[in-house]
Amino acid sequence: MQSSAFSPSPSIPLLKPHRNPNRLPRIAFHGITLSSSSSSKPFNLTSSHGSSKPLPLRSSSLCSSPGFNSFVPKDLSLVTREKSDVFRVRATSVHESAGEAPKSSSLVQTLLLGSLFGLWYLFNIYFNIYNKQVLKVYHFPVTVTLVQFTVGSLLVMFMWTFNLYKRPKISGAQLAAILPLALVHTLGNLFTNMSLGKVAVSFTHTIKASEPFFSVVLSAMFLGEIPTPWVVLSLIPIVGGVALASATEASFNWAGFWSAMASNLSNQSRNVLSKKFMVKKEESLDNITLFSIITIMSFILLAPVAIFMEGVKFTPSYMEAAGLNVKQVYTRSLLAALCFHAYQQVSYMILQRVSPVTHSVGNCVKRVVVIISSVIFFQTPVSLVNSLGTGIALAGVFLYSRVKRIKSKPKEA
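What you see is a predicted model, and the numbers here were worked out from it, not measured in a lab.

### Looking at the packing of aromatic side chains
- Counted under the stated rule, the structure contains 22 aromatic pairs.
- Measuring from ring centre to ring centre gives 5.8 Å for Phe252 and Phe257, while their planes differ by 50°; the resulting arrangement is tilted.
- On the basis of relative accessibility, which here comes to 27%, the residue Phe252 falls in the partly exposed class.
- Three or more aromatic residues joined by ring pairs form one cluster here, namely Tyr138, Phe140, Phe314, Tyr318 and Tyr330.

Okay, structure coming up:
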């Protein structure tokens, strides 16, 4: 940083030594330049003894202090007023590109996050569409769920084999802790597919909007987390909206309704178990690694169950005998499985970049997008009262995600 000393200019005769017994001490400005409006050349101020030696440079903190004006000599202010010389304070020049790097980095991060949210919604929409198309003609939800876990497991193994994602080192204790999570994860996805096979996609997701209710109840029962009054109040529109939508749903049947409710219970049990068992930092895993391990374990758990309950009915010979389009069922099943694993991975990637509250709000918006897109694609008949019930339930979910972060402040000692 360049600092200019100041010297008296002949054109300003009043800047002469004053014989004032209460003479003020010398002052110096560091990092700024004073110039007269009549001259573009900088000038130097020296001590009142007429020494040509420039004044010593001092810290510029004086200029930024609240009492800076009180340190300015009164004689100097009189000079400026009497001669009407306007002094300009010119700060040391700063390179214009100094703040460009942080701004560009922030813009890139914002665009990346927006792209992830878009992919999250897009993959979820296509998963529900392809999955519903398969389940409408192929009534074996256990086998369909197994196919999704199979494709997911193959993708995980592919990423680990080619070092696209670091292969974790898992201990026996960690596997034992993850096993309950894998079990409820398997049940949650199985019940969701069972519901999608029985009722409309929009109705399944309307029922699944009641997940916060199960989260609050299970957290209070097993974790001792007492909800705030605001959280309890936010559950009222959720429960009321789901009840209103269910009473007016054209595709309603009890099998689809209870399957969706069982999915809510399973998914929220997974969240509670993850808090209860995966609490030690030395044993913790990042979300994507944990999801990958759970996917493989879910495949191992569900494979014998699918064979026992539904048999081997995913072969081309069986589908041809049943009058199904083999290529179409295989293609849509594969696309649904790829979209299922992709939207789960992207969801965890978003969770690593935003707060849980932001992620919860994004999930609420995602459910709205899925419901609207499925209604348009499948041309699902929806009455005004049914739409009102769905809207109330989703508004309650949004309200819940906002008030959940309101906590009582700890009392200060």
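Here the narrative resumes, following the displayed structure.
### Here we look at the confidence of the model for the protein chain
- Overall, the predicted model of the protein chain reaches an average pLDDT of 78, with 71% of residues at or above 70.
- Between the elements of the protein chain, mean pLDDT differs from a low of 40, seen in helix H1 (residues 61-64), to a high of 95, seen in helix H4 (residues 141-161).
- Long-range and interchain partners of residues 1-18, a stretch whose pLDDT sits below 50, account for 35 contacts in this model, where long-range means more than four residues apart.
- Contacts of residues 24-94 to residues separated by more than four positions or lying in other chains number 89 contacts, the stretch itself having pLDDT below 50.

### A word on the pattern of salt bridges
- Per the stated rule, a full pass over the model turns up two salt bridges.
- Between Glu211 and Lys208 there is a salt bridge, with the nearest N and O atoms lying 3.7 Å from each other. The burial state of Glu211 is the same as that of Lys208; both residues are buried.
- In this structure, the salt-bridge partner of Arg367 is Glu211, at a minimum N-O distance of 3.9 Å. Separated by 156 residues along the polypeptide, Arg367 in helix H13 (residues 356-378) and Glu211 in helix H7 (residues 211-223) bring together distant segments of the chain.

### A few points about helix H14 (residues 384-403)
- Taking 1.5 Å of rise per residue, the 20 residues of H14 would be expected to cover 28 Å, and the 28 Å separating its terminal C-alpha atoms lies within 8% of that figure.
- Within the sequence span of H14, burial applies to Asn386, Gly389, Thr390, Ala393, Leu394, Gly396, Val397, Tyr400, Ser401 and Val403.
- On its buried side, H14 packs onto helix H6 (201-208), H7, helix H8 (229-247) and H13.

### What about the packing of H4 against helix H5 (residues 172-196)?
- Axis separation between H4 and H5 bottoms out at 9 Å; the angle between their running directions is 130°. It follows from the interaxial angle that H4 and H5 lie oblique. Seen along the crossing, H4 lies across H5 with a hand that is right-handed. For the pair H4 and H5, the contacting residues are Pro141, Val142, Val144, Thr145, Gln148 and Phe149 in the first and His185, Thr186, Asn189, Leu190, Asn193 and Met194 in the second.
- For the contact of H4 with H5, a count of residues per class yields six nonpolar, six polar and no charged.

### Considering unusual backbone geometry
- Even without glycine at this site, Asn163 takes up a positive phi of about 55°.
- The topology assignment puts Asn163 in the loop between H4 and H5.

### Concerning the side chain of Gln344
- Within the secondary structure, Gln344 sits in helix H12 (residues 326-351).
- Since its relative accessible area comes to 11%, Gln344 is described here as buried.
- Excluding anything up to four places from it in sequence, Gln344 contacts His185, Asn189 and Phe291.

### Digging into the environment of Ile170
- Looking at the element boundaries, Ile170 is found in the loop between H4 and H5.
- Assessed through its relative accessible area of 28%, Ile170 is described here as partly exposed.
- Along the chain, Ile170 and Ile293 lie 123 residues apart, while their C-alpha atoms are 9.4 Å from each other.
- Beyond its immediate sequence surroundings of up to four residues, Ile170 is in contact with Leu175, Leu285 and Ile293.

Reading guide: rules and limits
Residues numbered from 1 in each chain as written. Predicted model: local features only at pLDDT ≥ 70, side-chain atom pairs only at ≥ 80, totals over all residues. Heavy atoms only, no water. Phe/Tyr/Trp six-rings, centres within 6.5 Å; stacked < 30°, edge-to-face > 60°. Buried < 20%, exposed > 50% of the residue type's maximum accessible area, 1.4 Å probe, protein only. pLDDT = per-residue confidence, 0-100. Helix = DSSP H or I, 4+ residues; strand = E, 2+ residues; numbered from the N terminus. Contact = heavy atoms within 4.5 Å. Salt bridge = Lys/Arg side-chain N within 4 Å of Asp/Glu carboxyl O. Expected span 1.5 Å × (residues − 1). Axes fitted to C-alpha atoms, helices over the stretch in contact; angles between N-to-C directions. Parallel < 35°, antiparallel > 145°, perpendicular 65-115°, else oblique. Left-handed = near helix turned anticlockwise from the far one by under 90°. Nonpolar A, V, L, I, M, F, W, Y, C, P; charged D, E, K, R; others polar.

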